[in-house]
Amino acid sequence: MSAQFQKGQRDKLSKYLDVTREFDVEMLTEANSGNFSCENLCLGISENDSKARNAAENSKSGFRLNLKNCADIFKIVFAVGIQSGSMGEIKSHSLRICQDGEICLSVDLTGSDFSSERAIISGEIYRKNLSDEWRVACVASGFNDGVPGLMKFYGLTELPEPPIKNPEGVVNLRKGEKLTIAITPKITSEIVINLSWNRVKKSLFKSAIDLDVGCLYELRTGVRGCIQALGRDLGSLDYPPYIALDGDDRTGDTRAGETLRINCLKLPEIKRALIYAFIYEGAANWQEVDGLVKLTCAESGDVVIPISDFDTKQRICAVEMFERIDANTFSIENLTEFFDGQESMDKNYGWGLNWRHGRK
């Protein structure tokens, strides 16, 4: 049964949940009228630091915390910033701390608990010293001058960047568009990039369509190279460049098509990768192939880029640019640019590799 906290109540967090494991914090504010909007904040505060950091990951229900990742934090603040209206106008505000799908403790407030505040502190998870036990408090008080007043109260000059919200479902990324995706390597061990195409029946006069996927990569160390079936350089997941090609589908009969994998545990070692596809044989142009490149990882929806409706006879398509932002974040940009060969594509993007003719 969950515990109901009142304003000013404090206790040891370990009484209510297992502090060694992940838990979720849900925050919900219900308005009395349409003239109200707000944003939930989760701020990690370190000693002698004037900038808060994101102490939690976004989850579908709010914030997900693992206190093992908060070694340098002594206070985690859950707050609401009011963008229009005031807290005195709300119908209700609730904070729930949950683990394994069960509510461990909760805070329930109404507009009568407030007046003209434009930012409030719902609760805190804190410790006086970094070696102390974590405690939890229902604060339920706020600031008429909004988030600036909250920041001043905690000695902050900067708020953290908003947590990245990963796309959900299937995302059709159009040319020139870029997406940023945040992952947890222990959850997403691999980023999978798959090239598929239509299965044209073989005939006496025309060979089956054979498409290949490859990538130009650049590592953190500055080392650059190429992975592709042509030349049989399939890369490696366990050793540099930490990107590998599964194999070569010569016929299109393999339903999975061709797949590149990126080792997420080694993501900090990878600076960028240019993912490309090329027609090896069996098609005169991209209109005939119905090509589709799909990027998949556990914590995001599938990002798809079609390679169709193009009548160009240039056989190389630079599909997307993969770039690491930090240890747990990367971006994908749809390029969809066509070239007559790998060397001209390399020159366009300034990779600087030495090319020679190869074969399978």
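Residues numbered from 1 in each chain as written. Predicted model: local features only at pLDDT ≥ 70, side-chain atom pairs only at ≥ 80, totals over all residues. Heavy atoms only, no water.

### What about the pattern of salt bridges?
At step 1: Inspection of the entire model under this criterion finds 15 salt bridges.
At step 2: Across the pair E177 and R174 runs a salt bridge, and its minimum N-O distance is 3.4 Å.
At step 3: A relative accessible area of 29% places E177 in the partly exposed class.
At step 4: Residue classification places R174 among the exposed residues on the basis of a relative accessible area of 60%.
At step 5: For the salt bridge of E337 with K175, the shortest nitrogen-to-oxygen distance reads 3.4 Å. Here the residue E337 occupies a position in strand 25 (residues 329-339), and K175 occupies one in the loop between strand 13 (170-172) and strand 14 (178-182), the gap between them amounting to 162 residues. (Salt bridge = Lys/Arg side-chain N within 4 Å of Asp/Glu carboxyl O. Buried < 20%, exposed > 50% of the residue type's maximum accessible area, 1.4 Å probe, protein only. Helix = DSSP H or I, 4+ residues; strand = E, 2+ residues; numbered from the N terminus.)

### Remarks on the side chain of N334
At step 1: Along the chain, N334 turns up in strand 25.
At step 2: The class of N334 is buried, set by a relative accessible area of 4%.
At step 3: A distance of 2.3 Å separates the side chain of N334 from the side chain of T336, its partner in a polar contact.
At step 4: Every residue in contact with N334, bar those within four places of it in the chain, is listed here: L173, R174, K175, G176, E177, I305 and V319. (Polar contact = N/O pair within 3.5 Å; in protein donor to acceptor, adjacent residues only side chain to side chain. Contact = heavy atoms within 4.5 Å.)

### As for the environment of L335
At step 1: Relative to the helices and strands, L335 is located in strand 25.
At step 2: Between the C-alpha atoms of L335 and E177, which are 158 residues apart in sequence, the distance is 8.3 Å.
At step 3: Those residues within four positions of L335 in sequence are excluded, and the remaining contacts are K175, L274, A318, V319, E320, M321 and Y349.

### Brief notes about the sheet that holds strand 2 (residues 10-12)
At step 1: Taking strand neighbours across the sheet as the criterion, the six strands line up as 2-12-11-8-4-5 in an open arrangement whose pairing is antiparallel. Each edge of the open sheet carries a strand with a single partner, namely strand 2 and strand 5 (53-54).
At step 2: Taken together, the three bridges between strand 2 and strand 12 (residues 135-143) define a ladder with antiparallel strand orientation. Bridge pairing links K12 to R135 in strand 12. (Pairing = 2+ DSSP bridges.)

### Some words on the packing of aromatic side chains
At step 1: Within the structure shown, the criterion is met by seven aromatic pairs.
At step 2: Plain terms: the ring middles of F143 and F153 are 5.5 Å apart, the flat faces sit at 55° to each other, and that makes the pair tilted. Here F153 lies in helix 1 (residues 147-153) and F143 lies in strand 12, a separation of 10 residues in the sequence.
At step 3: Plain terms: the ring middles of Y276 and F278 are 6.1 Å apart, the flat faces sit at 25° to each other, and that makes the pair stacked.
At step 4: Residue class for F278 comes out buried when judged on its relative accessible area of 4%.
At step 5: Through a chain of ring-to-ring contacts, the aromatic side chains of F143, F153 and Y154 assemble into a single cluster.
At step 6: The positively charged end of R272 is found above the aromatic ring belonging to W351, 3.8 Å away from the centroid. (Phe/Tyr/Trp six-rings, centres within 6.5 Å; stacked < 30°, edge-to-face > 60°. Lys NZ or Arg CZ within 6 Å of the ring centre and 35° of its normal.)

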